[in-house]
Structure formats: structure tokens, C-alpha cells
Amino acid sequence: MGKKLVSIFVAVCAFALVGALAGCSSNASSAEDGSAPAMRIGTMQTEDALPFWIAQQEGLYDAEGVSVDIVTFQSAQELSAAFASGDIDAAMTDVQTAATLKASGTDVSLAWVTLGADASQGRFGIMTSPESGITSLADLAGTPIGVGSNTVPEYVMDRLMEKAGVPDDQIVKEEIKKLPVRFESMTNNQVAAAALPGSLLALGESSGMVLLADDSQGDNISQSVLAVRADWASGEGADALSKASAAWDAAVDRVNADPESYRSLLVESANLPAPVAETYRISTYPKASTPAAAMVQPVLDWMLEKGYLSSAMAYDESTGAFS
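Since the model is a prediction, treat every value here as computed from it, not as a measurement.

Colleague: Could you clarify how one ought to interpret the overall build of the protein in this entry?
Modeller: Along its length, the protein carries 12 helices and 12 strands. Expressed as a percentage of the 323 residues in the protein, the buried residues total 53%. In the protein, the share of contacts with a sequence separation of at least 24, taken over all contacts with a separation of at least 6, comes to 78%. By element, 50% of the accessible surface of the protein is carried by carbon and sulfur atoms, the whole surface being about 13,300 Å².

Okay, here's the thing in C-alpha cells:
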């Protein structure tokens, strides 16, 4: 690997591995002494959570009369464990994780879409190196692609390959869970291509890697969501959730009106790699709205087909609940 790619790999390792795992102390979701209702939101260091950080930085939670503690986790596994144990009330996550939590016995519902209300928001795609000789998704038929199982990148990869006319039995996957390793394996031609999120696609593009396809146009196939503990959201947490939703909407208005004014916050909070910190496109964000069935049910059906769910699961968009 050349010096330039070595420096890029160091940057992406820092992007993926640096994060503050906050301690999980006991938390009363609503105060009994007349103080503001409270909630704890767990998230990874990701652009999807930008409005949460804006609301915190600019006092929007205080303005709505709610106390919000944002807890940052180093891994999706730690985030899921904290949610399942009740150490956090809500998690900025994806449909796959929420459904897996439900299947494992945690009663979860979806409060709103945090990114991906339309195809332009958020980006996932398939990338290769210029030395691979691959120029289209059709070239990847029968060739291993680096990906993590039961993830948004895998789901998007399957949909993009299907759209390109590649038969399902010709989509070959090589399990590489860790994003820095997956990215490096693609740049070094250890795998022919890799399924990656938007920040790593941008990093690859900045160093001459080749984007074969992404989901930023056409069908809207990827979302991040705010998952909440269903018993908390329908009980003592209902007031806190409503007020946090209003703070989210106020933050969305601000970032959509002037995204560049929040670049430094995004770079710091999402730990964007240095090579793309000044050029990374800041997404627009959606107002809080329960995810539509058209977004969620196809993911659940795909999970069943792939064996990630042992039985069929249905989603009710009127309540955000799984059954």
C-alpha cells in the first residue's frame, strides 16, 4: 500500500475506532420531583445524529423543557447491549438492528427516520480500486465483495446488484465486519470490491478509488432510525420523547437552512476522516416522522429470506411497532 493510502487508512481507522464510550449509570426517564422529563439517547459517531448534537449545542432541549443525555458508543454491539439492558431509552440505529433486538426479546418501536426520508439523504454503495479492472456491477458476478452481514451496506449491495441484473446466486460475499479492514482490503485488491457507507465512499473517491454504484438516486433503500424502548415510549417517557422530537425538528430547520455553519460540529462529532473533512457533503435531514411501511417491511422480508430472522416479522407504521 502506497504512502497516500497508508495515511488514508490511518485516518479511517481513527474514524472508526475513536469514540467515547460513556458510562451507563441509572437514569430516571421522567423526574418525580417536578423537574424536566429526561431521556438518554445512544448513538455511534455518525452523521445521522447531527441534529441531536445541534440541539444539545444550541440549547434546543432546554427550550423544549426536556433533559437529553447523548451517549456515544464505540460499536453497534455496545449500543445494542445498552438498549437491551435499559441503560438508554433510545438508539440512533437502523431497521436491521431494531428488528434483531425485537426478535431477541426487547420490545422496540421506531420513533422517526433520522436520515433517509428520500434517496438523497445518506449514501451507501459499492466501490473498487482502479487496479481491479472492474468497471461495472456486472463484472462482480461470482466475485467476492467485502461486506458485513445483516447490515445496511449488505442490504443496499443486494438491491444494487439486483437492479444491475446480477442473479442472487452470483452475488458472492466475503465477511469483513470492521469498516477500516474492509476499506483497506478493497484498496489493496484483497477483495474485488467493498460495500461501504457514505463517509468511506467519499474517502475512497478522494484517493482515486472507483464508485461502481450507490443508492443516492432512484429507489430509497436505506434509512437510519431512532428506535425507542416501547414500554418507556408509551409510558413514563412519552412526554420526553415528544419534546425531544420538537427539539430535533428545530435542529433540522437550522442545519437545512445553513449546513456549512455546522461543518465543524459534524467533523468533530462524527469524527470525519481528515482528507474529506472540508469537502464532505452535509446532508439535508428530515423532520421527525414515523418510518413508512414501504421503508421498513422490505428490510424485514429480506432479513427473513437471508435467515437473519427465524420467523416473519411485520411492521405497523401507525405505531412504529414490530409484531
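Colleague: What is the right way to read the nonpolar core from this model?
Modeller: What tends to happen in soluble globular proteins is that the nonpolar side chains get buried as a cluster. One finds M39, F52, L226 and L241 to be the most contacted residues of the largest nonpolar core, which totals 51 residues. The leading source of residues in this core is helix α10 (residues 238-257), at 8 residues. Each of domain 1 (39-118 + 222-322) and domain 2 (124-214) contributes no fewer than three residues to this core. Setting aside residues no more than four positions away along its own chain, L226 makes contact with I41, F52, A90, A91, M92, S109, L110, A111, W112, T114 and L241. Counting residues in each nonpolar core, the second largest holds 47 residues, with V113, V152, M161 and M295 among its members.

Colleague: Sorry, what's going on with the environment of E205 here?
Modeller: Along the chain, E205 turns up in helix α8 (residues 198-206). Between the C-alpha atoms of E205 and V276, which are 71 residues apart in sequence, the distance is 9.5 Å. The contacts of E205, once residues within four sequence positions are left out, are R123, M127 and L211.

Colleague: Help me understand helix α11 (residues 263-270), please; the structure alone is not making it clear to me.
Modeller: Side chains that are three or four residues apart share a direction in an α-helix, a result of its 3.6 residues per turn. Where α11 is concerned, the buried positions are R263, L265, L266, S269 and A270. One side of α11 carries all its buried residues, which in axial view fall inside an arc of 160°. Set apart from the buried face of α11 by more than 90 degrees, the exposed residues are S264 and E268. The positive-phi residue at the C-terminal boundary of α11 is N271, with phi of around 55°.

Colleague: Would you mind showing me how to read the pattern of salt bridges here?
Modeller: Opposite charge on two side chains permits pairing when their charged atoms draw close. Inspection of the entire model under this criterion finds 14 salt bridges. Across the salt bridge formed by R40 and D69, the nearest N and O atoms sit 2.7 Å from each other. Of this pair, R40 sits in strand β1 (residues 38-43) while D69 sits in strand β2 (residues 67-72), and the two are 29 residues apart along the sequence. Look at R40 and you get buried, because its relative accessible area is 4%. Each of E154, D158, D168, K173 and K306 takes part in one network of salt bridges that share partners.

Definitions and cut-offs
- Residues numbered from 1 in each chain as written.
- Predicted model: local features only at pLDDT ≥ 70, side-chain atom pairs only at ≥ 80, totals over all residues.
- Heavy atoms only, no water.
- Helix = DSSP H or I, 4+ residues; strand = E, 2+ residues; numbered from the N terminus.
- Buried < 20%, exposed > 50% of the residue type's maximum accessible area, 1.4 Å probe, protein only.
- Contact = heavy atoms within 4.5 Å.
- Areas by Shrake-Rupley, 256 points an atom, 1.4 Å probe, with all protein chains shown as cover.
- Core = buried A, V, L, I, M, F, W, Y, C linked by side-chain atoms within 4.5 Å.
- Domains from an automatic or database assignment.
- Arc of directions from axis to C-beta.
- Salt bridge = Lys/Arg side-chain N within 4 Å of Asp/Glu carboxyl O.

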